[in-house]
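# Chain and residue survey
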Amino acid sequence: MTLPHHPAAPHEAEGRQHAEALLQLCKRLERAWTLPDVLEAVKPMGESVFDYRHVWLALFDEATGMLDFLTHTTSGEESALSRQLQTMKIPVKGDALLEEIMCATHVVVVEDARSDPRTNKAVVAALHNRTIVNVPLVMADQRLGALGMGTYGDEEGVRPPKPWQVALMQATAGHLAVALDRVRFMTARREAEEALVHQKERLQVTLQSISDAVVTTDAAGMVQYLNPAAQALTGWPLAAACGRRHQDVLGLGTEPGTDTAPDLMGRALEQGITQFHAKLRCTPQAGAPLLIDLSASPLLRPGGDADGVVLVFRDVTEASRLSREMEFQALHDTLTSLGNRRAFEHLLAQAFAATRDATARHCVCYLDLDNFKVINDTCGHAAGDELLRQVARLFLAHLQPQDLLCRLGGDEFGILLWQQDLQQALQVAERMQQELAAFRFVWRDHVFSVSVSIGAVMLDATTESVGALLQAADSACYVAKDGGRNRIHVYAENDPALAQRYGVMEWVSRIEDALQHDRFELFGQPIIRLGAAPDSQRRGLHCEILLRMRTADGRLVSPGEFMPAVERYQLAARVDRWVIKKALAWMAEHQEGVELCSINLSGQSVGDAAFLGQVLQAMDQTPVRCDRLCFEITETAAMGDLAAANRFFQALRARGCQFALDDFGSGLSSYAYLRELAVDTLKIDGQFVKNMADDPVSFAMVKSIHEIGCLMGKKTVAEFAESQAIVDLLTGLGVHFAQGYALGRPAPIDELLLETVAH
């Protein structure tokens, strides 16, 4: 590919083009719901960016040990073998190239397939392969397979990838892995829905297999025989029923719209074939009315004349009720009785089809309740369920009969506003927000306020697909929630807020790459004892361990750039495991020079029961003194799940570890929760410390936190000690420790240790 020349900064221009290509890939992948969709989404990257016409996916089936190849060519005639290869399964074991690909953490390049000893020469000759490039696809430590690209025959020749192509291929593979994981999830959901349908069919078969009731009559319709099942169903003993009209014994009612019962017996005798009628109403001699399926077959004599009829029937009252119930459940949410996601997508598909050749315009809204988890965690799921029911009724009150409200799952709702333009839809959404803001949910002794974030998108002739429509509404809702909640965001092409969200998503593959290739680095910032004699200020390194990430091009990235993606995409526990493993190994090597090292933990990690076991196992495997280890957790994360935090504290305190409560004072209920948290140290929120020299309120907050901490027997550490004036004020208040630029800047942890030893 020939890139535009920029005389000032060609590498920057290429970088921008590559970033734009990745952004477009992300957008295509968001609309990919099947494996062919994923392949179709990545194909333009192979053609226009890497200049490889042959692009394929090799997906690993762990159950069979096979690689499933999904491929197509973009030009030229395909041979029979090439068409077969599109669905080919190849065992990994025994194939040198495939075994290397499934174990590799790097891009596997075969410069010339004709001469490379790892390739299958018969397949290479048939397909005219030359250069082959395979990029491993890995998601959450699970190998999904590989993204493959390559050249054909002498026409394209040998063309191994350049270094920038390899780096860009790895970034592309990261996005593909996320998309493939989503496809697997959607496939599992579809299979679950199909299983529900199959369950319904099995139920119907079971009901139909119950022993049928049988009645025989003569040619005049008088009963001659009932089997036991018929006697039980009709309530007539055999002796009493014989000689009576079959209509009376069966208690047949009239057909809807007529004054007579269906004459199945007469039609069977007249036509000489079996007649059937479903869901006939009948009233047994004793018991409630029933619905029955009834068939009438003529009893034919050897000459062909009929001298009677066999009536076979079964009670389908319960089966009919279950069928209606299952049909309702398949399309409705059992909690709110609203339509469910399946019903919403089905009706959106109908609305989408109606807009293809018409001027119809509708608005679709995606609604997500704010802080719903707080109510669930505080009062239990029964309270959360009741809130959802009340909120559903509140939303319905603002809709017209032709509009549609569905619960899509959890605390998320979808609305289709029929034949309404954007301005009308926004008025409806604003009224919903205002009424919900005024609404108070009361549960026992608790009162909660509730708000909702709303994403809106128009459905008209320009809408690409139902999938793209839902993705756009979901993304707009996400932006509304991320922008402060209780907001409405309207989806638009080239929206900067949405572009920023895609930017955050790009960090996922970079973080995965850093975890796989050990590109994270440990830094540290010194924590200095205040008010002590100079010769006793340091008894070894006392610091907070910080994290940096080294990108593939060597750039050092601060946590502010990648941690939002870590938290948002549930990667915190994996990153924290990496930090703990590396920090423990480093401390074990240098523990004679270490007084105390503090490690930050995410609230996601503390709430993960498996994470605690992994930390304990790492300690067992590393000869480090645990009394020189302190774990920091933010006040907000600790208050989010007090029980989980205290379980974590107690388990590690038994090993001798210490605990610090970070950013203390930032919450509204700091002091109220302090008694319930078994911590050793309070780290005073830096927003108060950095302003205490100029703001009396900040000074008073620092003083108050320190005094309360001392009263409860806890040490205090002041963050953001940025000037000597602040350090002097902290010393005067008696604060035990401080950290900040006035006392030491963050540095690689080895350099920090050497600096400490030198002093």
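Residues numbered from 1 in each chain as written. Predicted model: local features only at pLDDT ≥ 70, side-chain atom pairs only at ≥ 80, totals over all residues. Heavy atoms only, no water.

On to the overall build of the protein chain. Regarding its fold elements, the protein chain presents 29 helices and 29 strands. Within the protein chain, the proportion of its 759 residues that are buried is 47%. In the protein chain, the proportion of contacts linking residues at least 24 apart, taken out of those at least 6 apart, comes to 63%. Carbon and sulfur atoms form 53% of the exposed surface of the protein chain, whose accessible area is close to 36,500 Å². (Helix = DSSP H or I, 4+ residues; strand = E, 2+ residues; numbered from the N terminus. Buried < 20%, exposed > 50% of the residue type's maximum accessible area, 1.4 Å probe, protein only. Contact = heavy atoms within 4.5 Å. Areas by Shrake-Rupley, 256 points an atom, 1.4 Å probe, with all protein chains shown as cover.)

Let us look at the pairing of strand 1 (residues 54-61). In terms of residue burial, strand 1 counts as a mostly covered element, since six of its eight residues are buried. By the bridge criterion, six bridges tie strand 1 to strand 6 (residues 142-152) in an arrangement that is antiparallel. Residue pairing for strand 6: Trp56 is matched across the bridge by Gly148. (Pairing = 2+ DSSP bridges.)

Spatial strand order, 8-7-11-10-9: five strands in an open sheet with antiparallel pairing. The open sheet has two free edges, formed respectively by strand 8 (223-226) and strand 9 (275-282), since each of these has just one partner strand. Put simply, the sheet's adjacent strands are angled 25 degrees from each other on average, direction ignored. Examined bridge by bridge, strand 9 and strand 10 (residues 290-300) share six bridges and lie antiparallel to one another. Each residue of the ladder has a partner; that of Phe276, found in strand 10, is Ser295. (Axes fitted to C-alpha atoms, helices over the stretch in contact; angles between N-to-C directions.)

A few words on the pattern of salt bridges. Note on pairing: side chains with opposite charge can pair once their charged atoms come close. Tallied over the entire structure, the rule returns 33 salt bridges. Between Asp154 and Arg114 there is a salt bridge, with its nearest N and O atoms 3.1 Å apart. One end of the pair, Asp154, is in helix 6 (residues 153-156); the other, Arg114, is in the loop between strand 4 (108-110) and helix 5 (121-127), and 40 residues separate them in sequence. Exposure remark for Asp154: the relative accessible area of 60% places this residue in the exposed category. (Salt bridge = Lys/Arg side-chain N within 4 Å of Asp/Glu carboxyl O.)

It is worth spelling out the environment of Ser605 at this point. The residue Ser605 is located in helix 21 (residues 603-606) in this model. Judged by relative accessible area, which is 0%, Ser605 ranks as buried. Measuring from C-alpha to C-alpha, the distance between Ser605 and Ile633 comes to 9.9 Å, with 28 residues separating the pair along the chain. The residues touching Ser605, leaving out its near neighbours within four places in the chain, are Ala572, Ala573, Asp576 and Phe611. A distance of 2.6 Å separates polar atoms of two side chains, one belonging to Ser605 and the other to Asp576. (Polar contact = N/O pair within 3.5 Å; in protein donor to acceptor, adjacent residues only side chain to side chain.)

This part takes up the sheet that holds strand 12 (residues 362-370). Within the open sheet, the five strands sit side by side as 13-14-12-17-18. Their pairing is mixed. Strands at the two margins of the open sheet, each flanked by one partner only, are strand 13 (404-409) and strand 18 (488-490). Here the average twist between neighbouring strands, direction ignored, is 20 degrees. The pairing of strand 13 with strand 14 (residues 412-417) spans five bridges and is antiparallel.

So, on to the side chain of Glu595. Looking at the secondary structure, you find Glu595 in strand 23 (residues 594-601). A polar contact of 3.1 Å, which involves the side chain of Glu595, links it to the side chain of Arg529. If sequence neighbours within four positions are ignored, Glu595 has contacts with Arg529, Arg539, Gly540, Leu541, His542 and Arg628.

A few words on the packing of aromatic side chains. Tallied over the entire structure, the rule returns nine aromatic pairs. Between the aromatic rings of Phe441 and Trp443, the centroid separation amounts to 6.3 Å while the plane-to-plane angle is 20 degrees, which identifies the pairing as stacked. Per residue, the accessibility class of Phe441 equals that of Trp443, and both read buried. Following the ring pairs from residue to residue traces out a cluster consisting of Phe611, Phe631, Phe648, Phe649 and Phe659. When the ring centre of Phe720 is taken as reference, the NZ or CZ atom of Lys690 above it lies at 5.7 Å. (Phe/Tyr/Trp six-rings, centres within 6.5 Å; stacked < 30°, edge-to-face > 60°. Lys NZ or Arg CZ within 6 Å of the ring centre and 35° of its normal.)

The biggest cluster of nonpolar side chains holds 74 residues, and the ones touching the most others in it are Ile511, Phe520, Phe631, Leu652 and Leu730. At 10 residues, helix 20 (residues 572-590) tops the list of elements feeding residues into this core. Apart from residues lying up to four places away in sequence, Phe631 is in contact with Ile580, Ile599, Leu601, Val615, Met619, Leu652, Cys657, Gln658, Phe659 and Ala660. Among the nonpolar cores identified, the runner-up in size contains 35 residues, and Leu369, Leu417, Phe439 and Phe441 belong to it. (Core = buried A, V, L, I, M, F, W, Y, C linked by side-chain atoms within 4.5 Å.)

Below, the discussion takes up the pairing of strand 12. In terms of residue burial, strand 12 counts as a mostly covered element, since nine of its nine residues are buried. Alternating positions in strand 12 separate into two faces, His362, Val364, Tyr366, Asp368 and Asp370 on one and Cys363, Cys365, Leu367 and Leu369 on the other, with burial throughout. Here nine bridges tie strand 12 to strand 17 (residues 451-459), and the two strands are oriented antiparallel to one another. If you follow Cys363 over to strand 17, its bridge partner there is Met458.

Nothing here speaks to function; it is geometry throughout.
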